[in-house]
Amino acid sequence: MNKDLRRAMLGDCWEYDVRSSVVAWKMSFASEYLKNTGLQQEVKKAFCTTLWYLQDKVEFMQQVQDQTFDDGTNVHIDLQRSLIKEAMTALCFGAKLTKHGWRTSDDGWQNPALADIIKNEDERTRFMACTDVRDFVREQNTLDTYINKCVEVQEPTLLKLEILRANKRHSKAKVIAYLYQNAEAQAMAKAYEFLNSKNMGVLAKIHDAFIVRKKLSQTVKHELEELVQFETHNEYWHLGEKQLTRWGDLQTQDEKQRIAQHKAFIANEVNYMRSKPKPQKQ
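Thresholds applied
Residues numbered from 1 in each chain as written. Predicted model: local features only at pLDDT ≥ 70, side-chain atom pairs only at ≥ 80, totals over all residues. Heavy atoms only, no water. Pairing = 2+ DSSP bridges. Helix = DSSP H or I, 4+ residues; strand = E, 2+ residues; numbered from the N terminus. Axes fitted to C-alpha atoms, helices over the stretch in contact; angles between N-to-C directions. Contact = heavy atoms within 4.5 Å. Parallel < 35°, antiparallel > 145°, perpendicular 65-115°, else oblique. Nonpolar A, V, L, I, M, F, W, Y, C, P; charged D, E, K, R; others polar. Buried < 20%, exposed > 50% of the residue type's maximum accessible area, 1.4 Å probe, protein only. Patch = residues over 30% accessible without salt bridge, like charges linked within 9 Å, V, L, I, M, F, W, Y side chains within 5 Å. Areas by Shrake-Rupley, 256 points an atom, 1.4 Å probe, with all protein chains shown as cover. Salt bridge = Lys/Arg side-chain N within 4 Å of Asp/Glu carboxyl O. Core = buried A, V, L, I, M, F, W, Y, C linked by side-chain atoms within 4.5 Å.

**Some points on the sheet that holds strand S8 (residues 239-244)**
Right, so step 1: Taken in spatial order, the four strands of this open sheet run S6-S7-S1-S8, and their pairing is antiparallel. Bordering the open sheet on either side are strand S6 (202-205) and S8, each of which pairs with just one other strand. Taken over all neighbouring pairs, the strand axes of this sheet differ in orientation by 20° on average, direction set aside.
Right, so step 2: Where helix H11 (residues 218-232) meets the sheet, it contacts strand S1 (13-18), strand S7 (209-212) and S8, and its direction lies at approximately 140° from that of S8.

**Some remarks on the packing of helix H6 (residues 57-68) against helix H9 (residues 131-154)**
Right, so step 1: Where H6 meets H9, the closest approach of the two axes is 9 Å, and the angle between their N-to-C directions is 125°. Comparing the axis directions of H6 and H9 gives the class oblique. For the pair H6 and H9, contact is made by Phe60, Gln63, Val64 and Gln67 and by Thr131, Asp132, Val133 and Phe136, respectively.
Right, so step 2: Among the residues making up the contact of H6 with H9, the classes are represented as four nonpolar, three polar and one charged.

**Focus: the pairing of S7**
Right, so step 1: Residue alternation in S7 divides its side chains into two sets, Ala209 and Ile211 and Phe210 and Val212, and both sets are buried.
Right, so step 2: Bridge analysis of S1 against S7 gives four bridges, and the strand direction is antiparallel. Paired with Trp14 across the strands is Val212, a residue of S7.
Right, so step 3: Counting the residues that bridge the hairpin from S6 to S7 gives three residues, and of these His207 lies at a positive phi of roughly 40°.

**Considering a nonpolar patch on the surface**
Right, so step 1: A cluster of nonpolar residues, Met1, Leu5 and Met9, forms a patch on the protein surface that exposes about 340 Å² of accessible area.
Right, so step 2: By the secondary structure assignment, Met9 is in helix H1 (residues 3-10).

**Section: the nonpolar core**
Right, so step 1: The biggest cluster of nonpolar side chains holds 46 residues, and the ones touching the most others in it are Met27, Val43, Phe47, Met88, Leu91, Phe127 and Val133.
Right, so step 2: Counting residues per element, this core draws most heavily on helix H7 (residues 77-92), which supplies eight residues.
Right, so step 3: Look past the residues within four positions of Met27 in its chain and what remains in contact with it is Val43, Phe47, Thr50, Leu51, Leu54, Leu143 and Tyr236.
Right, so step 4: Judged by nonpolar contacts, the second largest core, of 17 residues, contains Ala191, Val212, Trp237 and Leu239.

Spatial relationships are all this shows, so hold off on functional conclusions.
Next comes the structure, spelled out in structure tokens:
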């Protein structure tokens, strides 16, 4: 369900979403990783870029955005933020920092996920060359590899599930996504139990978020966060807070401008693809 339809259905309400949920979940393994591998480093030093992403995401994203798009870009500034957010989310779930596609085992062709998000090659190259992005990916890969190794040792039968396999072996990215989605569901179930104990009805459940009619008091919000952190052993689990206003028949000027800019961008992308020379048949 898109956000505009959600607003029309629910009216005035408040949305609480887990901030950078997959990254926060992975970070719950950071201390364990350092301890079990014998590395004499503090978490804040070993995973400084990931912590920056968690603690000040706006600043992190702005830094990456500034290094990706120059003054000559045809991508509107609001869409720039959306593309950077989408690209970072893809990296969190195993997308590769690679410019070129690759041939699959069934003789097909797979383009990198980033190519479908940041379509301009120069902008995509600058994004991938960004030091903050590369450091973030390196830290994420470290945690992904450690979590995957834990599963290989502790739950080897899990890796036989067909949904976790790619060709003849299991896929690390699929394992991480599977574990995260299960952990996310368990954490949100704890949150719903808490809200129910407070007689607070949930209007909508959105995998890593929920919507309630009235704003939670800071005391209740803090109590909820502490409960889930304790139950999940994850100190990085925090809720973002956003007020949603009733969607009316008349669009605001900002909404009209956003829609017009998006349509213009799509039209420009279509023209760009049509203007590209077609490959010659051999």
